[in-house]
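Listed here are the chains, written in short residue letters.
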Amino acid sequence: MTQPRITLGVSLKMYFSYQQTLAWSEEVAEIARHHPAIVNGEVGLFVLPAFPAIAAIGQIFSATAVSIGAQDLCWEDSGAWTGEVGGPMLAELGCRYVEIGHAERRRHFAETDVQIAAKLAAALRNGLTPVLCFGEEQQLPPDQAIATCRQQLIAALSEANRQQLRGEVVLAWEPQWAIGAPAPAPDAFIAEVCDGLRQLNDFGDFHFRVIYGGSAGPGLLSRLGHQVNGLFLGRFAHQPAALRQIIDEAAALAATSPSATEA
Ligand SMILES: O=C(CO)COP(=O)(O)O
């Protein structure tokens with residue numbers, strides 16, 4: 001599958017009820033069916049609902065170019081793991097993506113670097129694209145933020161490297177202090193850290209896309225331009241009209257991407 005020029009992801013976290021998730025998905029599917037940049041694949045959109053809604057939204061998005069995924073997975077594929085969901089079942093349900101290591105899982109569920117690394121390996125083993133979340137806890141100068149993120153990435157990719165797993169990994173950089181905040185991190189800071197992250201090349205043989213998350217919403221992508229490969233959205237995608245605006249911004253950016261002008 002060719003790579004989209006701009007990638008947009010939405011995690012619905014645990015905000016919506018089951019019925020709200022379906023209603024929101026119907027509206028977003030309607031947008032996606034008609035939006036040229038989604039239809040032609042220049043802008044990629046993936047949606048990560050709560051586990052029980054995966055099958056139903058898979059149906060809703062089935063006639064669109066929107067991909068679906070999960071917000072977590074078990075590091076084991078099957079067996080006596082009460083309450084967990086394994087990669088094989090996610091793949092069976094039509095998931096293309098799976099989120100790993102979100103700050104809320106690290107904080108509230110005490111997920112460790114070792115577990116996150118094992119989950120990332122499980123995702124790749126099952127043909128799922130990991131959306132690897134990482135980011136510094138406190139506000140730091142850009143060079144220190146990059147160094148902190150680098151350590152997290154080395155840890156998260158270590159098990160996949162050890163098992164010589166390969167594939168595409170979406171790097172969702174989310175400074176923890178910018179998650180759930182009124183506004184995203186400052187534009188210049190995002191640009192500098194994303195640039196630094198893209199230049200890191202000591203992680204192994206993966207194909208990376210770097211997307212920014214943390215109170216991202218309409219307007220941000222236009223301001224950042226080609227400094228990011230896309231956005232990972234939370235609350236500010238809850239209104240389908242706001243998401244449509246972000247897709248419009250992504251489409252405008254995709255049309256001016258270096259690879260677009262070369263083509
Ligand atoms: O954590 C995020 C996406 O997973 C960002 O959430 P908010 O945009 O709601 O801060």
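In what follows, the structure referred to is the one given above.
Bear in mind that the values here come from a model prediction, so they are computed numbers and not experimental data.

### Some details on the environment of Pro-52
So, step 1. Among the structural elements, Pro-52 can be located in the loop between strand 2 (43-48) and helix 3 (54-60).
So, step 2. The exposed category is assigned to Pro-52, whose relative accessible area is 66%.
So, step 3. A sequence separation of 18 residues divides Pro-52 from Ala-70, and the C-alpha atoms of the two residues are 9.9 Å apart.

### Description of the nonpolar core
So, step 1. Counting 77 residues, the largest nonpolar core has Leu-8, Trp-173 and Tyr-212 as its most contacted members.
So, step 2. Aside from chain neighbours lying at most four places away, what touches Tyr-212 is Trp-173, Pro-175, Ala-178, Pro-184, Ala-185, Ile-190, Leu-220, Val-228, Gly-230, Leu-231 and Phe-232.
So, step 3. Formed by 9 residues, the second largest nonpolar core is a distinct cluster that contains Phe-46, Val-131, Ile-211 and Phe-232.

### Quick look at the sheet that holds strand 7 (residues 206-213)
So, step 1. Spatial ordering of the closed barrel is given by 1-2-3-4-5-6-7-8, a layout of 8 strands whose pairing is parallel. Ignoring strand direction, the axes of neighbouring strands in this sheet form an average angle of 30°.
So, step 2. Bridge analysis of strand 5 (residues 129-134) against strand 6 (residues 167-173) gives 4 bridges, and the strand direction is parallel. Of the residues in strand 6, the one forming a bridge with Cys-133 is Ala-172.
So, step 3. Against the sheet, helix 8 (residues 187-199) engages strand 5, strand 6 and strand 7, with an angle of about 155° to strand 6.

### Side note on the site of the ligand
So, step 1. Neighbouring the ligand are the residues Ser-11, Lys-13, His-102, Glu-174, Ile-179, Gly-180, Gly-214, Ser-215, Ala-216, Phe-232, Gly-234 and Arg-235.
So, step 2. A distance of 3.2 Å is found between an oxygen atom of the ligand and a side-chain nitrogen or oxygen belonging to Glu-174.
So, step 3. The protein chains hide 100% of the 310 Å² of surface that the ligand would expose on its own.
So, step 4. Counted by class, the shell around the ligand contains 3 nonpolar, 6 polar and 3 charged residues.

### Some points on helix 10 (residues 240-255)
So, step 1. Taking 1.5 Å per residue, 16 residues should reach 22 Å; helix 10 reaches 22 Å between its end C-alpha atoms and fits that length.
So, step 2. For helix 10, the set of buried residues is Pro-240, Ala-242, Leu-243, Ile-246, Ile-247, Glu-249, Ala-250, Ala-251, Leu-253 and Ala-254.

### A look at unusual backbone geometry
So, step 1. A positive phi is found at Lys-13, a non-glycine position, where the angle reads about 45°.
So, step 2. At Ser-215, a residue that is not glycine, the phi angle is positive and equals roughly 60°.
So, step 3. Its location among the elements puts Ser-215 in the loop between strand 7 and helix 9 (220-224).
So, step 4. Among the residues examined, Ser-215 registers a relative accessible area of 8% and is labelled buried.

### Concerning the packing of aromatic side chains
So, step 1. By the definition in use, this model includes 9 aromatic pairs.
So, step 2. Where Trp-75 meets Trp-81, the ring centres are 5.7 Å apart and the plane angle is 75°; that geometry is what we call edge-to-face.
So, step 3. By way of ring pairs, the aromatic residues Trp-173, Trp-177, Phe-189 and Tyr-212 are connected into one cluster.
So, step 4. In this structure, Arg-105 packs its charged tip against the face of Phe-109, placed 4.2 Å from the ring centre.

### Concerning the pairing of strand 2
So, step 1. Buried residues dominate strand 2, accounting for 6 of its 6 residues.
So, step 2. Side-chain alternation along strand 2 places Val-43, Leu-45 and Val-47 on one buried face and Gly-44, Phe-46 and Leu-48 on a second face that is also buried.
So, step 3. As paired elements, strand 1 (residues 6-11) and strand 2 share 6 bridges and run parallel to each other. Bridge pairing links Ile-6 to Val-43 in strand 2.
So, step 4. Both strand 2 and strand 3 (residues 67-70) contribute to a ladder of 2 bridges, which runs parallel. Looking at the pairing, Phe-46 lines up with Ser-67 of strand 3.
So, step 5. In this region the chain leaves strand 2, passes through helix 3 and returns to the parallel neighbour strand 3; the handedness of that crossover is right-handed.

What counts as what
Every chain begins its residue count from 1, and numbering advances along the sequence as written. It should be noted that, the model being predicted, local features are given only for residues of pLDDT at least 70 and side-chain atom pairs only at 80 or more, the latter also being counted only at that level, while totals for whole chains, interfaces and linings use all residues. In computing side-chain values, all of the structure's heavy atoms are included and hydrogens and water are not. Only DSSP runs of H or I covering at least 4 residues are called helices, and only runs of E covering at least 2 are called strands; the numbering of each starts at the N terminus. Only protein chains enter the calculation, and the probe is 1.4 Å; a residue is then buried if its accessible area is under 20% of its type maximum, exposed if over 50%, and partly exposed in between. Among the buried residues, those of types Ala, Val, Leu, Ile, Met, Phe, Trp, Tyr and Cys that are joined through side-chain atoms within 4.5 Å form a nonpolar core. Residue contacts are counted whenever heavy atoms from the two residues lie within 4.5 Å of one another. Here, a strand pair is defined by DSSP locating no fewer than two bridges between the strands. Geometry is summarised by axes, namely lines fitted to C-alpha atoms with helices restricted to the contacting stretch, and by angles between N-to-C directions that run from 0 to 180 degrees. One heavy atom within 4 Å of a molecule or strand is enough for the residue carrying it to be called near that molecule or strand. Counting of polar contacts relies on pairs of N or O atoms within 3.5 Å, with two restrictions inside protein: one atom must be capable of donating a hydrogen and the other of accepting it, and residues adjacent in sequence are counted only when both atoms are side-chain atoms. Here the open area of atoms and residues is found with the Shrake-Rupley method and a 1.4 Å probe, where only the protein chains shown may cover a residue. Under this grouping Gly is polar, as are all residues other than the nonpolar Ala, Val, Leu, Ile, Met, Phe, Trp, Tyr, Cys and Pro and the charged Asp, Glu, Lys and Arg. The length a helix should cover is 1.5 Å for every residue beyond the first. In this scheme Phe, Tyr and Trp rings, the latter by its six-membered ring, pair at centre separations within 6.5 Å, and the angle between planes marks the pair as stacked below 30 degrees, edge-to-face above 60, and tilted otherwise. Lysine and arginine charges are scored as sitting over a ring when NZ or CZ, respectively, is within 6 Å of the ring centre and within 35 degrees of the ring normal. By the criterion used throughout, a crossover qualifies as right-handed when its path from the first strand across the helix to the second strand runs clockwise, the strands pointing away from the viewer.

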